Amino acid sequence: MSYRDDLIETDISAYLNAQENKSFLRFITCGSVDDGKSTLIGRLLYDSKLIYEDQLVSIKKESKKSGTQGDAVDLALLVDGLAAEREQGITIDVAYQFFSTNKRKFIVADTPGHVQYTRNMATGASTSDVAVLLIDARYGVQEQSRRHAYIVSLLGVKQVVVAINKMDLIDFDQSIFNTIEVNFRKFAKNLGFSDITFIPISALEGDNVITLSDRSRWYKGPSLLHFLEHVDVEKNTLELPFRFPVQWVNRPNLDFRGFSGTIASGVINLGDSIIVSSSGKRSNVKEIVTHAGNLKTAREGMAITLTLKDQIDISRGDIISSGNSPMAQADQFQAHILWMNEKELFPGRQYLLKTANNTVLASVSNLKYKIDINDFSEVAVKTLALNEIGVATLVLSAPIAFDAYSDNRKTGSLIIIDRQTNETVGVGMLDFALRRASNVVWQELEVNKLIRAKQKNQNPALLWFTGLSGSGKSTIANLLEKRLLDLNRHTYILDGDNLRHGLNRDLGFTKVDRVENIRRVSEVASLMVDAGLITIASFISPYKAERQMARNLLGDKFFIEIFINTPLDVAESRDVKGLYAKARAGEIKNFTGIDSEYENPENPEIEIDTTKVSANQASEIILSYLKDNGYLSGYNL
Amino acid sequence: MSTIKEFLVRVDAYAATSGQSISTLSRKLLNDGKGIARLKSGGQCTLKTLNTAFTRLDKFENEFFGKNNLNMSHLERLEAEAIHIMREVVAQCENPVMLYSVGKDSSVMLHLAVKAFYPSRPPFPLMHVDTTWKFKEMIKFRDRRAKEVGMELIVHINPDGLAKNIGPFTHGSAIHTDIMKTQALKQALNKYHFDAAFGGARRDEEKSRAKERILSFRSAQHRWDAKNQRPELWDIYNTRVNKGESIRAFPLSNWTELDIWQYIYRENIEIPDLYLSKKRPVVEKDGVLILVDDDRMPIGPDDIIKEKMVRFRTLGCYPLTGAVESKADTLLDVIQEMLLTTTSERQGRIIDLDSDASMEQKKEEGYF
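A. Up close: the packing of aromatic side chains. Counted under the stated rule, the structure contains 29 aromatic pairs over all chains. Pairing B:Phe124 with B:Phe198 gives two aromatic rings, centres 5.2 Å apart and planes at 45°, and the pair type is tilted. With a gap of 74 residues between them, B:Phe124 in the loop between helix H6 (104-117) and strand E2 (126-129) and B:Phe198 in strand E4 (residues 196-198) connect regions that are remote in the sequence. No difference in accessibility class separates B:Phe124 from B:Phe198, as the two residues are buried. Ring pairs connect the aromatic residues B:Trp133, B:Phe135, B:Phe169, B:Phe312 and B:Tyr318, which therefore count as one cluster. Geometry around A:Phe187 places A:Arg146 over its ring, the cationic atom sitting 5.9 Å from the centre.

Encoded structure:
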């Protein structure tokens, strides 16, 4: 079924070839009971000639029996499905309708306007890229309209069309149209829509639905169908980082080990570096396998099978991401929850939580509040009933990789399943990760060093790298930081490069200036540790006293001295930056090791002999130290 | 002169594919929102302006079509969705099966299964519920295709029905369908303890289907509760069932009949010859043309067997499936005829002519 096209009769293969490149759009229609949703969809089907004769005969017959339009054909009857609702004259579940034009194929989720069916609307919105909100021109923005707008925004729909319907009943009065637009924009300001388009229509008479109407010459925008045919909804998901939830390990024989799944966001190319959650292991893409042949590039939405250059253990539940944008992992979250079952939510009870490709046990530990969707106010509650939306803390039995729902609908969404009945009882949208100490009971906590650190799932410390110029401090520090980042830790490196150019621009290399340099570094580092960061300071720091000063400032527990031990002759022979040569030539004064002393640390926490271990090994040694001494809680390699 | 013409043709083509309006493009190409309109109505411009505009158009086209290589058409989207659903069921259910009814939708589903698990073979068997009244050609086609893709084929016939010699001519279509199809399917699912069954149903086939989930839950009695379906959000599917309960998975839910035909055409998928017209012996019964497929067909004194150019729009039990007269003997002709036709697909199928809501009722009772 599609637009009648002369090509069908004259050249069917040309027609099919042209139809093959149609794009795809899923949208949801919502509105109050009598706003005319079903009539609008019926109109789209009818006017694009998508109704077969027998269907038309059948609805003409029914229009007389149960229709609401007198002798005229009641287009809503094309859409309303189940027997019960045909009698009641309202839609009571989500129905999916299909139609296509020469440009696009459309899937319409038709969802009910009744208060108690919030869940159905959320269902329809979850897969929609655009929402068409119907407003009855006679009544303007109603409580229901606000509710529907809120639900579609909660489900992450960014593009909204406000179809102001029944314009024929108010003689296409532009001022009424404008007033509704102003009112709608005012309340929708905070709903996060990227784009709102207002179109005056009459679903019953067809004005501005398929073509522009003569009855509203003042209206200069597109018809509804024109808008739906042209709206761009692809851009965002392609620009997001690559995410590939592994569905199934494809192992036809011992020589092939592929990972099958659908790309949740972004683009992947042959050879791209990837990182696996939860292991943190890295590799590169070897092949992008499909039945139709291997690809060089694949994008969001494609169902593919990846093979990797290295043998890494990956199973269902893991997510393969771009090496440049690893995913965060956590086992405690704040989430928006929409309850979908008659049996209310029990905080503390264990439910199954299912994400794109992972299922874990979880419970709601703290229901913060319920959102009253009439006025968006926050109400303290003990539970959530059917169709209620709340904000809660989710505690999971194991950490999962995730993105915030507002960033990525595929990797930030979850459903909640009852363990006894296996019903889907609720759904959630992740806001952000939380991590609270297990010994803390429920009470309002002051934000302090401990809380900030727990939120980051780590114990902060200052890792103080000391050693001669050219000893390898920065190289090792950078490698270490990358490894920590892989493990989703929060870090920062302080070194001569980022401090001497700004904060310490006024300091030279005399002893006095060196002491002041280290004092400032210590103070800045102390603030960063207080903020919960694993902070890496990489400075020659030749004097014991200054290093001791830093240690005293932070306290033993938070100070880890790492001596990068490279003998002077070795460092000088490396002379990466050519500084030793200059110092020997007398062009640089006060150069440590040449004409300024270096005092070896006596009891550093870690000593690295760079003549014996590589930079990579050194960073692993430091990582093991952090792990063994409890700086990385939930450490999983 | 001709360069202006060429320019306008390319602008129109680019406007159509990129979805930008002519006036927007005019502004971008000629720094003048009405420039293209003027050229179209016979206006002129300097060669320099035209060259600049051509350079800009080249750039736009490159950018757009470069990105366009990554565009997914609606068929590719539907294919990816179906593959996702199949993999999800296979990864999570213990004992899935694919119900294979030999029709065009089953052919598409089988093709998608091969794609979904490539290079592995689809890790589940095919099952055909045979009423013993299927077209002979369907049975041959079924056995050959199963062998070609290398999948196990389970054929189930209701032994009770067989013993009682149930048939559409003797017992009527309602009893035949109930015993040989609905009851037989339940028997087979119970016998092999399947906890998930793929079916080729589509939401566009019939109004009550439009509300069915992609993963549709069935009680231990195989009943569908339309009012109490599991919510289905995003592409997260709840596959969990208790013992005895099961899931029907419909990977083609979002396909329309045209999508199916287009995909068959694009992927060159093999379908039974019955879909193509040729001279076949038929008898007209109550205004419906029935193929004389074997000698169980009762030929009354008034029945005249005629050779007619006919084909079938759906395949099922031959006594219950009306043929349509047609000259369409190639796939393209069939698609063309389908597109030009004005009656919907189910018209040929006899079961749901009774009442408007009959399908819904049948589904609640366990008909697939």
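That covers the picture; the talk isn't over yet.
B. Examining unusual backbone geometry more closely. A:Ser278 follows A:Ser277 through a cis peptide bond whose omega is 15°. You can see A:Ser278 is positioned in the loop between strand E11 (273-277) and strand E12 (282-289). Located in the positive-phi region is B:Asn31, a residue other than glycine, with phi close to 55°. Mapped onto the secondary structure, B:Asn31 falls in the loop between helix H2 (22-30) and helix H3 (35-40).

C. Examining the interface of chain A and chain B more closely. The partner chain B presents 74 residues to the 96 residues of chain A that form the contact. A combined buried area of about 7,300 Å² lies between chain A and chain B, and 57% of that area is made up of carbon and sulfur atoms. B:Asp259 is the partner of A:Lys105 in a salt bridge, and the nearest nitrogen-oxygen pair spans 2.2 Å. There are 28 residue pairs in polar contact (both at pLDDT 80 or more) connecting chain A and chain B. It is helix H2 (residues 12-20) of chain A that contributes the most residues to the side of chain A that touches chain B, 7 residues altogether.

D. Focus on the sheet that holds strand E26 (residues 559-565) of chain A. Residues and elements named next belong to chain A. If you trace the 5 strands from one edge of the open sheet to the other, you get E24-E25-E23-E26-E27, paired in parallel fashion. At either end of the open sheet lies a strand with only one pairing partner, and these are strand E24 (491-495) and strand E27 (606-609). The sheet shows a mean angle of 20° between the axes of neighbouring strands, direction not considered. In this sheet, E27 lies alongside E26 in parallel orientation, the contact comprising 4 bridges. By the bridge assignment for E27, Phe563 is matched with Glu607. Packing against the sheet, helix H15 (residues 544-554) makes contact with strand E23 (461-466) and E26, and its axis sits at approximately 155° to E26.

E. Local environment of H15(A). Residues and elements named next belong to chain A. Looking at H15, one finds that the buried residues are Glu546, Arg547, Ala550, Arg551 and Leu554. Down the axis of H15, the smallest arc covering the buried residues is 145°, so these residues share one side. Exposed residues on H15 whose side chains face more than 90 degrees from its buried face are Ala545 and Asn552. Residues of H15 that are buried in the fold lie against E23, helix H14 (511-530) and E26.

The rules behind each value
Position labels on residues start from 1 in each chain and follow its written sequence. A letter from A marks each chain and a number from 1 marks each ligand, given out in the order of writing. Under the rules for a predicted model, residues below a pLDDT of 70 receive no local features and side-chain atom pairs below 80 are neither given nor counted, while totals for whole chains, interfaces and linings still include all residues. The side-chain figures draw on all heavy atoms in the structure; neither hydrogens nor water molecules are used. Working definition: rings of Phe, Tyr and Trp (its six-membered ring) pair if their centres are within 6.5 Å, and the pair is stacked with planes under 30 degrees apart, edge-to-face with planes over 60 apart, and tilted otherwise. We count a stretch as a helix when DSSP gives it H or I for four or more residues in a row; a strand needs E for two or more, and each element gets its number in order from the N terminus. Throughout, exposure labels follow a simple rule: accessible area from a 1.4 Å probe, protein chains only, divided by the maximum for the residue type, with under 20% read as buried, over 50% as exposed, and the rest as partly exposed. In this analysis the charged atom, NZ for Lys or CZ for Arg, is taken to sit over a ring once it is within 6 Å of the ring centre and within 35 degrees of the ring normal. The contact rule is simple, with two residues in contact once any of their heavy atoms fall within 4.5 Å. Buried area is calculated as the accessible area (1.4 Å probe) missing from two parts once they are joined, with the contributions of both summed. Any carboxyl oxygen of Asp or Glu within 4 Å of a side-chain nitrogen of Lys or Arg constitutes a salt bridge here. Any N or O atom pair separated by 3.5 Å or less is treated as a polar contact, with the protein-specific requirement of one donor-capable and one acceptor-capable atom, and with residues adjacent in sequence counted only for side-chain atom pairs. Paired strands, as defined in this entry, are two strands with at least two bridges between them according to DSSP. Note on geometry: axes are lines fitted to C-alpha atoms, helical ones only across the stretch in contact, with angles between N-to-C directions running from 0 to 180 degrees. The arc in question is formed by the directions pointing from the helix axis toward the C-beta atoms.

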